[in-house]
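# An overview of the molecular structure
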Amino acid sequence: MDAVSDAGTGDAIVALRSLALAFPGSDQRVLEGLDLAVPREGFVAVVGPSGVGKSTLLRVIAGLLPPSGGEVRLMARPEPGRRPTALVFQDPRLLPWRRVAGNVELGLEGLVASRTERRARALAALDLVGLAAEAERWPRQLSGGQRQRVGLARALAVDPDLLLMDEPFSALDAITRQALQDELLAVWARTRKSVLFVTHDLAEAVYLADRVVLLGGRPARIVRDERIAAARPRRRESPELAAAAARIQNALGEAYAEGEGI
């Protein structure tokens, strides 16, 4: 996957064209014929059933898996002190022997940045997610929600053009999950990072995103691309959001009825 210039790509930060993926040694494709563009400063959610290929899609975009066919065009700023993408996992994967700030600095290692700069960037990212006061604590001293915010801070510290989020709130209780959804929206409003967010939760998807892309089938393809026109800030109980979630749910049901293998 190559970083390329913006010429001819419109307002997208990443564009997928006829993307396909089959794992080595297997003839069965997981993804097939995906065409998707994520706009700069946009927030796009990807939904679909377990095993359909949502997390795999993020890993292809992040450069962790090579596509079997098609193209991934990432319009990133080529700068030695930053990374074009950053991936936030469901499990924050914090190292227990490193303090909170040290865990955030982990993503900066290998970049062109002095030790002083790495520490300053880690502290700034922790401040952005409201954890500046916890910088010298150990991961075991944090709540589940705080650990997930450390994972987000680690991603933000590398100053990515595109933030890839793989069900980051799914393991949290409902109250913490809603609080972190709102914190993520506040961070997005401040940083204007482009976000591609994977979730199983339709309510979460329509609350957070500008667009919700539904994957279905084997191999997976885009079944529906729903634009969420509700004004921000949004109300979770908004009839407009409920109607959008219902349309996506109906598309999922129709794909299943047509034998898409969902």
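Rules used throughout
- Within each chain, residue numbers correspond to sequence positions counted from 1 in written order.
- Totals for whole chains, interfaces and linings use all residues, but because this is a predicted model, local features are given only for residues with pLDDT of at least 70 and pairs of side-chain atoms are given and counted only at 80 or more.
- To get the side-chain values, take all heavy atoms of the structure and skip hydrogens and water.
- We define a nonpolar core as any set of buried Ala, Val, Leu, Ile, Met, Phe, Trp, Tyr and Cys residues linked to one another through side-chain atoms lying within 4.5 Å.
- In this scheme, a residue with accessible area under 20% of its type's maximum is buried, one over 50% is exposed, and one in between is partly exposed, where area comes from a 1.4 Å probe on protein chains only.
- Contact criterion: two residues are considered in contact whenever any of their non-hydrogen atoms come within 4.5 Å of each other.
- Note on geometry: axes are C-alpha line fits, over the in-contact stretch for helices, and angles between N-to-C directions span 0 to 180 degrees.
- Runs of E in the DSSP output that reach at least two residues are strands. Runs of H or I that reach at least four are helices, and both are numbered from the N terminus.
- Angles below 35 degrees are treated as roughly parallel, those above 145 as roughly antiparallel, those between 65 and 115 as roughly perpendicular, and all remaining angles as oblique.
- Throughout, a crossing is termed right-handed when the near helix is turned clockwise from the far one, and left-handed when it is turned anticlockwise from it by less than a right angle.
- Residue polarity is assigned by list, with Asp, Glu, Lys and Arg as charged and Ala, Val, Leu, Ile, Met, Phe, Trp, Tyr, Cys and Pro as nonpolar; anything else, Gly included, falls into the polar class.
- What qualifies as a polar contact is a pair of N or O atoms within 3.5 Å, subject to a donor-acceptor requirement within protein and to the restriction that residues adjacent in sequence count only when both atoms come from side chains.
- Confidence per residue, as judged by the predictor, is encoded in pLDDT with a range of 0 to 100.
- For this document, the term salt bridge refers to a Lys or Arg side-chain nitrogen within 4 Å of an Asp or Glu carboxyl oxygen.
- Pairing of aromatic side chains requires ring centres within 6.5 Å, counting the rings of Phe and Tyr and the six-membered ring of Trp. Pairs whose planes differ by under 30 degrees are stacked, by over 60 edge-to-face, and all others tilted.
- Whether a charge sits over a ring depends on NZ of Lys or CZ of Arg being within 6 Å of the ring centre and within 35 degrees of the ring normal.

The biggest cluster of nonpolar side chains holds 52 residues, and the ones touching the most others in it are Phe43, Leu163 and Val212. If we skip the residues at most four places from it in the chain, Val212 touches Ala45, Val47, Ala205, Val206, Arg224, Asp225, Glu226, Ile228 and Ile248.

Interaxial distance between helix α4 (residues 144-157) and helix α5 (residues 174-191) falls to 11 Å at its minimum, and their mutual angle equals 20°. Our classification of the angle between α4 and α5 gives roughly parallel. Seen along the crossing, α4 lies across α5 with a hand that is right-handed. Of α5, the residues touching α4 (which contributes Gly145, Gln148, Arg149, Leu152 and Leu156) are Thr176, Leu180, Glu183, Leu184 and Val187. Tallied by class, the residues present in the contact of α4 with α5 amount to five nonpolar, three polar and two charged.

Take the side chain of Arg149 next. Note on placement: Arg149 falls in helix α4. The buried category is assigned to Arg149, whose relative accessible area is 16%. A polar contact is formed between the side chain of Arg149 and the backbone oxygen of Gly130, at a distance of 3.2 Å. Ignoring sequence-local partners within four residues, the contact set of Arg149 consists of Val129, Gly130, Leu131, Leu180 and Glu183.

Across the protein, the average pLDDT comes to 90, with 93% of residues at 70 or higher. Residue range residues 1-9 is modelled with pLDDT below 50. Its contacts to residues more than four positions away, or to other chains, number 22 contacts.

Scanning the entire structure with this criterion turns up 23 salt bridges. Where Glu105 meets Arg119, a salt bridge forms, and the shortest distance between an N and an O atom there is 2.6 Å. You can see Glu105 sitting in helix α2 (residues 100-105) and its partner Arg119 sitting in helix α3 (residues 115-128), a full 14 residues away along the chain. Since its relative accessible area comes to 8%, Glu105 is described here as buried. Owing to a relative accessible area of 31%, Arg119 belongs among the partly exposed residues under this scheme. Here the salt bridges do not stand alone but share partners, grouping Arg82, Asp159, Asp161 and Lys193 into one network.

To continue, consider the packing of aromatic side chains. Taken as a whole and judged by the stated rule, the model has three aromatic pairs. Judged by centre distance (5.5 Å) and plane angle (90°), the rings of Phe43 and Trp188 are edge-to-face. One end of the pair, Phe43, is in strand β4 (residues 43-47); the other, Trp188, is in helix α5, and 145 residues separate them in sequence. Under the relative-accessibility criterion, Trp188 is labelled buried at 6%. Of the aromatic side chains, those joined through ring pairs into one cluster are Phe43, Phe169, Trp188 and Phe197. We note Arg93 situated over the ring of Phe89; from NZ or CZ to the ring centre the distance is 3.8 Å. Looking at Arg236, its charged tip hangs above the ring of Tyr207, at a distance of 4.0 Å from the centre.

Across the junction of Arg218 and Pro219, the peptide omega takes the value 0°, indicating a cis bond. Of note, the amide linkage connecting Arg232 to Pro233 takes the cis form, showing an omega dihedral of 0°. Relative to the elements of secondary structure, Pro233 occurs in the loop between β10 (221-227) and α7 (239-257). At Arg93, a residue that is not glycine, the phi angle is positive and equals roughly 55°. Summarising the element assignment, Arg93 is placed in the loop between β6 (85-88) and α2. Positive phi outside glycine occurs at Asp159, with the angle close to 55°. Within the secondary structure, Asp159 is located in the loop between α4 and β7 (162-166).

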